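Per-entry structural report
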Amino acid sequence: MIAGACASAQRSETAAPSAAPVAEPTRPTQLSVRSKEPLNTQAFDHFYDMEYDRSIQEFTLVYQRHPDDPGSINHLLNAVLFHELYRIGALSAGEYANDSFINAAHAAADRRSCDQIKSLVQKAMAIENQRLGANSKDVGALYARGVTRAEFATYTALIEHAWFSALRNAVAARHDHERVLELDPGNVDAKLIVGAHNYVVGNLPWAVKTASSMVGLGGNKEKGLEYLHEAANGGGETSVDAKIVLVVFLRRERRFDEALQILRKLQPQYPHNVLFAMEEGNLLNAKGQPGEAAAVYRRVWQDGRNGRYAGLHYEVAATTLGDLLRSQKNYLAAAAAYEQVGDIQKPDPAIQQKAALGAGEMYDLLQKRELALKKYAAVVDLNAHSPQADVARKRIKEPYKGS
């Protein structure tokens, strides 16, 4: 999983192009609120370290001091949005490394958070459009509007699943930032959204790509990666965001060593980010190094037990380790890994249910039917209306024999 990166994701199998996962909001280069507000730097550090509540409090203070600055609104918008995406389980890098995010099931969103997100979008857009009405070449306003549109595309895609609305906003965000680059070619921050969009459109099937080019939406994944590297190395506000997006795209390209190199430089900067820590193991596993991946998952679990990831669901390390051991047919060790989730006082219910189901299936394979039945009953007790509960009820009727 990757924190604060995968945004503006749309369905690539539609006839219209999609914007790729895009990262947290950036700052209009002609506005200097961030440089005047040391609290912004602190808030960003907390954001990337997944200390969302603190970052929201700090971005709120900056916004209250600068209510007419769309950049400060975008910062707060981003923090609220990604806090909610993490809460509902929509920040798995594995989903965005392929197309599984399209049909991925997540927890229900909190309506208050959704209302706040839409309110912030409206406030930012009103200011941005007013400024652009007065001066269509206002680079700062164009940049800010592109960010706002990208954030709203992320919201509508991953929370409301309103794909065509998300697509319209993602394309509009790209157009805004392409215009920024026309007016200010040295603006590397604007290359994040443009680069991500180019990469995704460049990956579309030939027929869809042709249709996209007919409406003026070309794509080139090599150009996209080039732009993302420039944003990552540019030292601007999108530097971290671009690095995270690059990790996702390089994983998709199976360029695992490059992705690991970027990720391992980010980890020391944000040591409390459990998604960065987990992604190292995921990349190693995808690369074909399961032993090294297992060692990472065990380390994440122990670090979590020692308090490094306070308030975060580090128990995902146990279920991921269980899945890895299961794939190696080490059923006894897999069951033990799944059982570790029970050591957490308040595990995430979805992770807890997945672990109980996994443990039950391992016990069935180990011919420990009584233990398996207890685990299946626990799955149903946790949430009787979930897909996992449906599977558990089948297992109660008939032992799991592998698949």
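Anyway, here's the lowdown on the structure attached to this text. (Residues numbered from 1 in each chain as written. Predicted model: local features only at pLDDT ≥ 70, side-chain atom pairs only at ≥ 80, totals over all residues. Heavy atoms only, no water.)

Details of the layout of surface pockets
The space that makes up the second largest pocket amounts to roughly 270 Å³. Residue lining of the second largest pocket: 15 residues in total, with Met-50, Glu-51, Ala-310, Gly-311 and Leu-312 positioned closest to the centre. Put simply, the parts of the chain that give the lining of the second largest pocket at least two residues each are helix H3 (52–65) and helix H4 (70–88). For the lining of the second largest pocket, the element with the highest residue contribution is H4, accounting for 3 residues. (1 Å grid on protein atoms, 1.4 Å probe; cavity = no way out; pocket = protein on both sides within 12 Å on 5 of 7 lines; lining within 4 Å. Points joined across faces, edges and corners; volume = space filled by probe spheres on them. Helix = DSSP H or I, 4+ residues; strand = E, 2+ residues; numbered from the N terminus.)

Let's talk about the packing of helix H14 (residues 274–287) against helix H16 (residues 316–327)
For the pair H14 and H16, the least separation of the axes is 11 Å and the interaxial angle reads 10°. Here H14 is positioned roughly parallel relative to H16, judged by the angle of their axes. Contacts between H14 and H16 involve Met-278, Asn-282 and Asn-285 from the former and Val-316, Ala-317, Thr-320 and Leu-324 from the latter. (Axes fitted to C-alpha atoms, helices over the stretch in contact; angles between N-to-C directions. Parallel < 35°, antiparallel > 145°, perpendicular 65-115°, else oblique. Contact = heavy atoms within 4.5 Å.)

Considerations on the packing of aromatic side chains
The description of an aromatic ring pair uses the distance of the two centres, along with the angle that the planes make with each other. Considering all chains together, one arrives at 11 aromatic pairs under this definition. Note on Tyr-48 and Tyr-270: the rings are 5.3 Å apart at their centroids and 50° apart in plane angle, and the pair reads as tilted. Of the two residues, Tyr-48 is situated in helix H2 (residues 38–48) and Tyr-270 in the loop between helix H13 (256–266) and H14; the sequence distance between them amounts to 222 residues. Given a relative accessible area of 4%, Tyr-48 falls into the buried group. For the ring pair Tyr-52 and Tyr-86, a centre distance of 6.2 Å and an interplane angle of 40° mean the geometry is tilted. One end of the pair, Tyr-52, is in helix H3; the other, Tyr-86, is in helix H4, with 34 residues separating them in the sequence. This pair shows no difference in class: Tyr-52 is buried, exactly as Tyr-86 is. Aromatic ring contacts, followed pair by pair, group Phe-44, Phe-47, Tyr-48, Tyr-52, Phe-59, Phe-82, Tyr-86, Tyr-270 and Phe-276 into a single cluster. (Phe/Tyr/Trp six-rings, centres within 6.5 Å; stacked < 30°, edge-to-face > 60°. Buried < 20%, exposed > 50% of the residue type's maximum accessible area, 1.4 Å probe, protein only.)

Description of the nonpolar core
In this structure, Leu-85, Tyr-86, Phe-249, Val-274 and Val-300 are the most contacted members of the largest nonpolar core, which totals 100 residues. The greatest single-element share of this core, amounting to 10 residues, is contributed by H4. Discounting residues that sit within four places of it in the chain, Val-274 has contacts with Met-50, Tyr-86, Val-300, Tyr-309, Leu-312 and Tyr-314. Counting 11 residues, the second-largest nonpolar core is a separate cluster that includes Leu-132, Ala-141, Tyr-143 and Val-180. (Core = buried A, V, L, I, M, F, W, Y, C linked by side-chain atoms within 4.5 Å.)

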